[in-house]
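Here are the chains, one letter per residue:
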Amino acid sequence: MSFKGRDILSSAELSKQDFLDIMKVTEKMETLVKEEKVSNLLSDKLVGVLFLEPSTRTRLSFEAAVQRLGAKAITVASAASSSAAKGESLADTAKTVDGYVDLIVVRQPEKGGAKVMADAAEAPVINGGDGAGQHPTQALLDLYTILKEKGTLENLKIAMVGDLKNGRTVHSLSYTMAPFSPKEYIYCAPDELQMPADIVGDMEKQSVPITKTNDINVALQADIVYMTRIQRERFENPADYERLKGSFVLDRTLVESGNKDMTIMHPLPRVDEISTDVDDLPNAAYFRQAQNGMYLRMALLAMLTGRAEA
Ligand code: NCD
């Protein structure tokens, strides 16, 4: 199926074939950057980049992707600098920006907010994170990273560790890996930050074997250990955050006690959940993962504008 004009709102809406097609184009984009640095594939395109929540990697890798493909971006880098601060609705913002650009990338705090904007705009909308909802482009770059690090997507044991309740990256990753017959998902979190029941239910419907634990040693037996940050900004009560922060800290000794072939991933930013003494282990893939984000986002921009296909 062609991607031209499609929105990317949630990983749950994409098929296994979609995932594989996106991986193929991402690989082409990595080759393009390595061999030619830049291209003029999208030189007639303008992209609206609206970030109403903090971001480093997602925004900068989208902007880098825009520039590598010869397109141009107009950017809102914070809610405070946009009319969101005056109380403008997401739908009105989307209708306005739609009149200026060919494609919209948006991050904002409301679960489902990217869909509201997609419904209001003609241009394709890419969800760059909707509050504690979904973060599909992160999960797609995670998929690409797993493929490169492991050589396969099939039959892997994947541990997700940390704030599974509020962490949108692990919500999206669950849906993205599910079609690849995972051997097991190990959801490792304090009880009150466990994976939401609707997502666990969806995984069970897809026959993914699930283990829930709060013991990181169980997680360290996996092929992929996906660490996440306790999402401070999603806590209503700061005392709860203080109590739960630092629940899991992966250090070199712990890594060495687990599966020696584990690939350690993290969407970043990290706070203290991975010690810096892990960084130079060959298992630590998180900075390679961040770089893959640019190739993946180049692929999406080119596919949604109809300029590339698998
Ligand atoms: C993540 C996010 O924004 O959800 N960061 C990212 O996009 N790489 C993870 C996080 O903020 O913890």
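Residues numbered from 1 in each chain as written. Predicted model: local features only at pLDDT ≥ 70, side-chain atom pairs only at ≥ 80, totals over all residues. Heavy atoms only, no water.

Enquirer: Looking at this structure, I do not really get the site of the ligand. What am I missing?
Expert: Close to the ligand lie T58, R107, H135, Q138, R168, T169, R229, Q231, P267, L268 and P269. A distance of 2.9 Å separates a nitrogen atom of the ligand from a polar atom in the backbone of P267. Expressed as a share of its isolated accessible area of 320 Å², the protein-covered part of the ligand is 93%. Looking at the shell around the ligand, its residues break down into three nonpolar, five polar and three charged. (Near = heavy atom within 4 Å. Polar contact = N/O pair within 3.5 Å; in protein donor to acceptor, adjacent residues only side chain to side chain. Areas by Shrake-Rupley, 256 points an atom, 1.4 Å probe, with all protein chains shown as cover. Nonpolar A, V, L, I, M, F, W, Y, C, P; charged D, E, K, R; others polar.)

Enquirer: In this structure, what is going on with the domain arrangement of the protein? I would like to understand it.
Expert: Entries for the protein in the domain assignment read domain 1 (11–134 + 292–304) and domain 2 (136–289). Listed per partner, the contact involves 29 residues of domain 1 and 27 residues of domain 2. In total, domain 1 and domain 2 occlude about 2,400 Å² of area from one another, counting both sides; carbon and sulfur atoms represent 58% of this. Area buried by domain 1 at its contact with domain 2 is led by M23, Q134 and N292, which between them contribute 26% of it. Here domain 1 is connected to domain 2 by four salt bridges. We note a salt bridge from E53 to R234, for which the minimum N-O separation is 2.9 Å. Sorting the residues of the side of domain 1 that touches domain 2 by element identifies helix 1 (16–36), helix 2 (57–68), strand 4 (125–130) and helix 11 (286–304) as the ones contributing at least two each. Of the residues assigned to the side of domain 1 that touches domain 2, the class counts are twelve nonpolar, nine polar and eight charged. (Domains from an automatic or database assignment. Contact = heavy atoms within 4.5 Å. Buried area = accessible area lost by both parts, 1.4 Å probe. Salt bridge = Lys/Arg side-chain N within 4 Å of Asp/Glu carboxyl O. Helix = DSSP H or I, 4+ residues; strand = E, 2+ residues; numbered from the N terminus.)

Enquirer: Explain the pattern of salt bridges to me, please; I cannot follow it from the model alone.
Expert: Should the charged atoms of two oppositely charged side chains come close, the side chains can pair. All chains considered together, the criterion is met by 20 salt bridges. The partner of R288 in a salt bridge is E149, with the nearest N and O atoms 2.7 Å apart. Of this pair, R288 sits in helix 11 while E149 is found in helix 5 (residues 136–150), placing the two residues 139 residues apart along the sequence. Relative accessible area serves as the criterion here: at 35%, R288 is assigned to the partly exposed category. (Buried < 20%, exposed > 50% of the residue type's maximum accessible area, 1.4 Å probe, protein only.)

Enquirer: How do you make sense of the sheet that holds strand 9 (residues 263–265) when you look at a structure like this?
Expert: In a beta sheet, neighbouring strands are held together by backbone hydrogen bonds and run either parallel or antiparallel to one another. Pairing within the open sheet is parallel, and its five strands lie in the order 7-6-5-8-9. Of all the strands in the sheet, just strand 7 (210–213) and strand 9 have a single pairing partner and so form its edges. The average angle at which neighbouring strand axes cross in this sheet is 15°, direction not considered. Two strands pair when backbone bridges link them, and strand 6 (residues 184–188) and strand 7 are joined in this way by four bridges, in the parallel orientation. Within strand 7, the position partnered with Y185 by the bridge is I210. (Pairing = 2+ DSSP bridges. Axes fitted to C-alpha atoms, helices over the stretch in contact; angles between N-to-C directions.)

Enquirer: Quick question: what am I supposed to make of the nonpolar core here?
Expert: Core analysis: the biggest nonpolar cluster contains 66 residues, and M29, I126, M160, M177, Y185, Y187 and L301 have the highest contact counts within it. It is helix 11 that provides the largest number of residues to this core, a total of ten residues. Taken together, domain 1 (11–134 + 292–304) and domain 2 (136–289) each give at least three residues to this core, which thus spans both. If we skip the residues at most four places from it in the chain, I126 touches I8, F62, L103, I104, V105, V106, T137, L300, L301 and L304. Residues I186, A219, L220 and L250 belong to the second largest nonpolar core, which totals 22 residues. (Core = buried A, V, L, I, M, F, W, Y, C linked by side-chain atoms within 4.5 Å.)

Enquirer: What is the right way to look at the sheet that holds strand 4 in this model?
Expert: Taken together, four strands build an open sheet; the order of strands is 2-1-3-4 and the sheet is parallel. Where the open sheet ends on each side, the last strands, each with one partner, are strand 2 (72–76) and strand 4. Shown here is a sheet whose adjacent strand axes are inclined to one another by a mean of 15°, direction ignored. In terms of strand pairing, strand 1 (residues 46–51) meets strand 3 (residues 103–108) through five bridges, oriented parallel. Note that in strand 3 the partner of L50 across the bridge is V106. Most of the contacts of helix 3 (residues 90–98) go to strand 3, to which it runs at about 155°, and overall it touches strand 1 and strand 3.

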